[in-house]
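Listed below are the residues making up each chain.
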Amino acid sequence: MQRAGHAIAELALAIAPHSRTIWIPCGPGNNGGDGWEAAALLKAWGKTPIVTALSHRGPVPPDAATARHTATQEGVIFSEEAPRNYDLCIDALFGIGRFRPWDSLGTAWVQRINAGDAPVMAVDVPSGLNADTGATSGLHVRADHTLCLLTLKPGLFTADGREASGDIWFNNLGVDDPGPPCARLTGSPPAWARAHNTHKGSYGDVCIVGGAPGMTGAALLAARAALRGGAGRVYVNLLDSTAAMLDRLQPELMFRNLPEIDLKTMTVVAGCGGGGGIHVLLPQLLAEAARLVLDADALNAIAHDATLQAALVARPVNTTVLTPHPLEAARLMQTGTANIQSDRLGMAQAMAARFACTVVLKGSGTVIAAPGVLPHINPTGNARLATAGTGDVLAGLIGARLAAGADPFSSVCDAVFRHGHIADAWQSPAALTARDLVQAL
């Protein structure tokens, strides 16, 4: 706890070096104890920490009680009310500890924290945020900075966590092995360089199956993304028989009817704009496609058809990727969207186990899971991707990486990272469209 208090105090000075008054609301557990330790150090360093503490009926943890005594001896100011003016707030209310529902005092303090003009620094995780899942009960601290202690917490990187945490800092407090991980953050992929002595056949073939009447754009976006993502050749099987057999913006795309495609040598991306017409093709695609990315309407069809689900489970290992958004995931798992979002990491793993394939659960902090593999949380991307067609682009990009023959799980992680990174690097004040995403590839 002394190490934690020192790390908190040091980061507080780095964030707000000219601050004088620092408000530290402390909870009744060890997170509060960390706040007491930081308060004592900040007082010794010439600052004016003001501590407000939530009452607690049970016994205070011994380390926290010692920290409170140290702060008292150091002359830290204690107050029953939050200060009117302060230069920095350090949220030491609950952290990763399980907490009781907010009482009137805790509610008032969180509302005061969120309404204040001063920067907010959370200890370990913002209070009110579930450290494991990123879910909140509604009222939670919205931090500008979060100092994560000992190990990174998955809840900071998915669901509500990214919005609540601000800039994330990390200090292992000198503990090199905090225990086995429950997930990993996806790292930046290596540059996708092509060897000189290669040809288009070296990078695999992708076939996009989708584009029902009125939705051909979805299939074309996926096809363009596959081509820009590195596939050697990209074929398109449109479900709209009246659509033009040419993409004037991407004439390299080759349009074929499904009987003309050798699925056994192909990476198939199915469902983008598929409508109801994709259902009748799925038995063949599930039985024959060498590698298969299932998106959008293909997922909806599988969710309502037990026979298709059995065919999905029967596919060879490491050959199939599902790319659901939360509503599609809820249909597949026969539950509600709220249940998916309340435990994105766990639900992605459960989906991967149930259907024996790699799952890309899209959303804030996209989760990539597969049977027997430690799940990954993707750190890139933002709300610029919340527009029609961006999921089709991701499906096509994943198809291209699978077609190249690299490790399937790593290929999916790399594609998701790259997709989100484009949104992070977007500089234009205009909205990021799916077409922009393809061009940026």
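To be clear, the structure that these remarks concern was listed above.
Now for a quick tour of the structure. (Residues numbered from 1 in each chain as written. Predicted model: local features only at pLDDT ≥ 70, side-chain atom pairs only at ≥ 80, totals over all residues. Heavy atoms only, no water.)

### Brief notes about the pattern of salt bridges
Scanning the entire structure with this criterion turns up 4 salt bridges. Among the ionic pairs, Asp295 bridges to Lys362, the shortest N-O distance being 3.4 Å. Of this pair, Asp295 sits in the loop between strand E13 (291-294) and helix H8 (297-303) while Lys362 sits in the loop between strand E15 (358-361) and strand E16 (367-370), placing them 67 residues apart in sequence. Each of the two residues, Asp295 as well as Lys362, counts as buried. (Salt bridge = Lys/Arg side-chain N within 4 Å of Asp/Glu carboxyl O. Helix = DSSP H or I, 4+ residues; strand = E, 2+ residues; numbered from the N terminus. Buried < 20%, exposed > 50% of the residue type's maximum accessible area, 1.4 Å probe, protein only.)

### Looking at the nonpolar core
In this structure, Val209, Val268, Leu282, Leu285, Leu294 and Leu322 are the most contacted members of the largest nonpolar core, which totals 49 residues. Ranked by residue count, the leading element in this core is helix H12 (residues 344-355), at 6 residues. If we skip the residues at most four places from it in the chain, Leu322 touches Leu294, Leu299, Leu312, Leu332, Phe355, Cys357, Thr358, Val359 and Val360. Core analysis: the second largest hydrophobic core is formed by 47 residues, Ala226, Ala243, Ile368 and Val412 among them. (Core = buried A, V, L, I, M, F, W, Y, C linked by side-chain atoms within 4.5 Å. Contact = heavy atoms within 4.5 Å.)

### What to know about unusual backbone geometry
Trans is the common state for peptide bonds, and a negative phi is the common state for residues other than glycine. Positive phi, normally seen in glycine, also occurs at Gln334, with a value near 55°. Unusually for a residue other than glycine, Ala356 sits at a positive phi of about 55°. Looking at the secondary structure, you find Ala356 in the loop between H12 and E15.

### Here's the deal with the packing of helix H1 (residues 2-15) against helix H2 (residues 30-44)
The angle between the axes and the distance between the axes are what describe a pair of packed helices. With their axes 7 Å apart at the nearest point, H1 and H2 run at an angle of 55° to one another. As judged from the angle between their axes, H1 and H2 are oblique. For the pair H1 and H2, the crossing hand works out as right-handed. Contacts from Gln2, Ala4, Gly5, His6, Ile8, Ala9 and Leu13 in H1 reach Asp34, Glu37, Ala38, Leu41 and Leu42 in H2. Here the contact of H1 with H2 is built from residues that sort into 7 nonpolar, 3 polar and 2 charged. (Axes fitted to C-alpha atoms, helices over the stretch in contact; angles between N-to-C directions. Parallel < 35°, antiparallel > 145°, perpendicular 65-115°, else oblique. Left-handed = near helix turned anticlockwise from the far one by under 90°. Nonpolar A, V, L, I, M, F, W, Y, C, P; charged D, E, K, R; others polar.)

### Regarding helix H9 (residues 306-313)
Note: α-helices contain 3.6 residues per turn, so residues at a spacing of three or four share the same orientation. When we look at burial in H9, the residues that qualify are Leu308, Gln309 and Leu312. Viewed along the axis of H9, the buried residues span an arc of 105°, placing them on a single side of the element. Exposed side of H9, more than 90 degrees from the buried face: Ala306 and Thr307 are the residues found there. Against the buried residues of H9 lie helix H7 (282-288), E13, H8, strand E14 (320-322) and H12. Of the residues that open H9, the one with a side-chain oxygen 2.9 Å from the backbone nitrogen of Thr307 is Asp305. (Arc of directions from axis to C-beta. Polar contact = N/O pair within 3.5 Å; in protein donor to acceptor, adjacent residues only side chain to side chain.)

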